[in-house]
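As a plain string of letters, each chain reads:
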Amino acid sequence: MLNFIKRNRDWLASRVDGVLQREYPSTIKAREAELAVLEAVRNLGGEDWDVFHRKRVPRPDSHRSKGEIDVIAVGERAVLAIEVKNWKGTISIEDNLFFAYQGKQRPSHHKDRGKVTNLISEKVSSLEWVFRAANKSRVDFAIFPLVVFTNDDCRLTEELSKRSDCWHLNELERMYQERVKDEQPMSPSSRDKMAELVSGLGSWDEAEYTSGKLLEADIADRSGIMFLDGDPLEREVGIRIEIESTRSKLSTILLGPSLKATITDSSGTSRTTRLDPFCKLNVVFQTGRRMGIPVQQLRYLAYGHEGIE
């Protein structure tokens, strides 16, 4: 009996750990920066753009074969594939490597931020490949890879300012006038096909702690989530599972934990079931790091894509 009560107390203590989880300020700001760019391109140049957030394009050499593009905008004359950066300070480039630094120090004294323009260009090549494969037709319209900087406290060096693929958020209208305005209009068929293709691409899976901290990662194909009858959760794109404890602290200590799950599929149909309160959600982060999250720490989880192609 004492072991049973101790187990239940430990379960409650782990649940409190979920309540204490907090988002990193940098993560919140990065998400806000992406949303700012998304809103800025909705009516860019007076056009009515189809805008998509954090879509993952199949790439054989990337993590789980998916390369994320922060914002994809499908317009009347072109497609914009945008990498969003909320960096502070002076932004420079040396040998295709980006640096963000404060003060007068040389960029070489700072850790590089990667070959950002190269990466977004590679993702655009993958997007073009997917379009050709899906529609058995060539890409007869422009797809522009762009890096957009959003922080008010950033300054692009003269070299970067001269590039046609690097812009500040406040310069997007000028970018449109210089790069997009004179492009030939896309055919209605091509635009519809591209918008349909991008809308069907997956996004990151999600899991949210009870504190509200959001994790955007891959839920492993063997998620670790088990129903009370012992059956595992099956991956289904668009499925969302809301998790709720059905017992008070005292009842949990005396009777054991109980979790209710409301499962909503992509059509909006919901059903209620019970979860094994001692299972863990297995996630794989964008860096490849793996983690098992006790299910009692979570408010919900959701699948954003089909799995590995």
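Because the structure is a prediction, the values reported are computed rather than measured.

## Describing the overall build of the chain
Check the secondary structure of the chain and you find seven helices and 16 strands. With respect to the three principal axes, the spread of C-alpha positions in the chain is 75 × 50 × 35 Å. Every one of the 309 residues in the chain was classed for burial, and the buried ones make up 48%. Once local pairs closer than 6 in sequence are excluded, the contacts in the chain between residues at least 24 apart make up 62%. Working note: accessible area of the chain is about 16,000 Å², and carbon and sulfur atoms make up 48% of it. Looking at the chain, you have 47 positive and 48 negative side-chain charges, and the mean spots of the two groups are 6 Å apart.

## Concerning the sheet that holds strand β15 (residues 290-294)
The strand order β13-β12-β11-β16-β9-β10-β14-β15 describes an open sheet built from eight strands, whose pairing is antiparallel. Only two strands of the sheet have a single neighbouring strand rather than two, namely β13 (270-275) and β15. Within this sheet the neighbouring strands show an average axis-to-axis angle of 30 degrees, counted without direction.

## Some details on helix α5 (residues 172-180)
Along α5, the residues that are buried comprise Leu-172, Met-175, Tyr-176, Arg-179 and Val-180. All buried residues of α5 fall inside an arc of 105 degrees around its axis, so they share one side. On its buried side, α5 packs onto α2 (25-40), β3 (78-85), β6 (142-149) and β8 (166-168).

## Focus on the pattern of salt bridges
Counted according to the given criterion, the structure contains 20 salt bridges. Linking Arg-54 and Glu-216 is a salt bridge whose minimum nitrogen-to-oxygen distance equals 1.9 Å. One end of the pair, Arg-54, is in strand β1 (residues 50-58); the other, Glu-216, is in strand β10 (residues 214-219), with 162 residues separating them in the sequence. Using a relative accessible area of 11% as the deciding quantity, one classes Arg-54 as buried. Given a relative accessible area of 18%, Glu-216 falls into the buried group. Here Arg-56 and Asp-218 are joined by a salt bridge, their closest N and O atoms 2.9 Å apart.

## Topic: the packing of aromatic side chains
Per the stated rule, a full pass over the model turns up four aromatic pairs. Between the aromatic rings of Phe-98 and Phe-149, the centroid separation amounts to 6.4 Å while the plane-to-plane angle is 35 degrees, which identifies the pairing as tilted. One end of the pair, Phe-98, is in strand β5 (residues 97-101); the other, Phe-149, is in strand β6, and 51 residues separate them in sequence. Both residues of the pair, Phe-98 and Phe-149, belong to the buried class. Just above the ring of Trp-87 sits the side chain of Arg-113; from NZ or CZ to the centre is 5.1 Å.

## Structural notes on the packing of helix α3 (residues 116-135) against helix α6 (residues 188-200)
One way to put it is that α3 packs onto α6 with a least axis distance of 11 Å and a crossing angle of 110 degrees. With respect to α6, the axis of α3 lies roughly perpendicular. Facing Leu-127, Val-130, Phe-131, Ala-134 and Asn-135 of α3, the residues of α6 in contact are Ser-190, Lys-193, Met-194, Leu-197 and Val-198. Looking at the contact of α3 with α6 residue by residue, the class counts come to seven nonpolar, two polar and one charged.

## Describing the layout of surface pockets
One way to see where empty space is left: roll a probe the size of a water molecule over the atoms. Computed from the structure, the largest pocket encloses a volume of approximately 1,400 Å³. For the lining of the largest pocket, the secondary-structure elements that each account for two or more residues are α2, β1, β2 (66-74), β3, α3 and β10. In terms of residue count, α2 provides more of the lining of the largest pocket than any other element does, seven residues in total. Here the lining of the largest pocket is built from residues that sort into 14 nonpolar, eleven polar and 18 charged.

## A few points about the sheet that holds β5
Strands sit in the order β5-β4-β7 across an open sheet of three strands; the sheet is mixed. Every interior strand has two partners, whereas the edge strands, β5 and β7 (154-156), have only one. With strand direction ignored, the average angle separating the axes of adjacent strands in the sheet is 25 degrees. Across three bridges, strand β4 (residues 89-94) lies against β7 in parallel orientation.

The rules behind each value
- All residue numbers refer to positions counted from 1 along the written sequence of the respective chain.
- A pLDDT threshold of at least 70 governs which residues receive local features in this predicted model, and a stricter bar of 80 or more applies before side-chain atom pairs are shown or counted, although totals over entire chains, interfaces and linings include all residues.
- Only heavy atoms go into the side-chain values, all of them from the structure, while hydrogens and water stay out.
- Secondary structure follows DSSP: runs of H or I at least 4 residues long count as helices, runs of E at least 2 residues long count as strands, and numbering of each begins at the N terminus.
- The cut-offs for exposure are 20% and 50% of the maximum accessible area for each residue type, with area from a 1.4 Å probe on protein chains only; residues under the lower value are buried, those over the upper are exposed, and the others partly exposed.
- Between two residues, a contact is recorded if the distance between any of their heavy atoms is within 4.5 Å.
- Accessible areas in this description were obtained via Shrake-Rupley with a 1.4 Å probe; residue shielding takes into account the shown protein chains only.
- Asp and Glu count as negative and Lys and Arg as positive, but His and the ends of the chain are not part of the count.
- Note on charges: their place is set at NZ of Lys, CZ of Arg, CG of Asp or CD of Glu.
- Strand pairing is defined by DSSP finding a minimum of two bridges between the two strands.
- Here an angle of 0 to 180 degrees is reported between the N-to-C directions of two axes, which are lines fitted to C-alpha atoms, with helices fitted over the stretch in contact.
- The arc in question is the one spanned by the directions pointing from the helix axis to the C-beta atoms.
- For this document, the term salt bridge refers to a Lys or Arg side-chain nitrogen within 4 Å of an Asp or Glu carboxyl oxygen.
- Whether two aromatic rings pair depends on their centres lying within 6.5 Å, for rings of Phe, Tyr and Trp, where Trp uses its six-membered ring; planes under 30 degrees apart make the pair stacked, over 60 edge-to-face, and the rest tilted.
- Here, over-ring charges are defined by two tests on the NZ atom of lysine or the CZ atom of arginine: distance to the ring centre within 6 Å, and angle to the ring normal within 35 degrees.
- Should an angle lie under 35 degrees it is considered roughly parallel, over 145 roughly antiparallel, and from 65 to 115 roughly perpendicular; all remaining angles are considered oblique.
- Side-chain classes follow a simple rule in which Ala, Val, Leu, Ile, Met, Phe, Trp, Tyr, Cys and Pro form the nonpolar group, Asp, Glu, Lys and Arg form the charged group, and the remainder, Gly included, forms the polar group.
- Any residue with an atom within 4 Å of a point lines the site, the site being either a cavity, points on a 1 Å grid over the protein atoms alone where a 1.4 Å probe fits but cannot get out, or a pocket, an open set with protein on both sides within 12 Å along at least 5 of 7 lines.
- Grid points are joined across faces, edges and corners, and a volume is the space filled by probe spheres set on the points.

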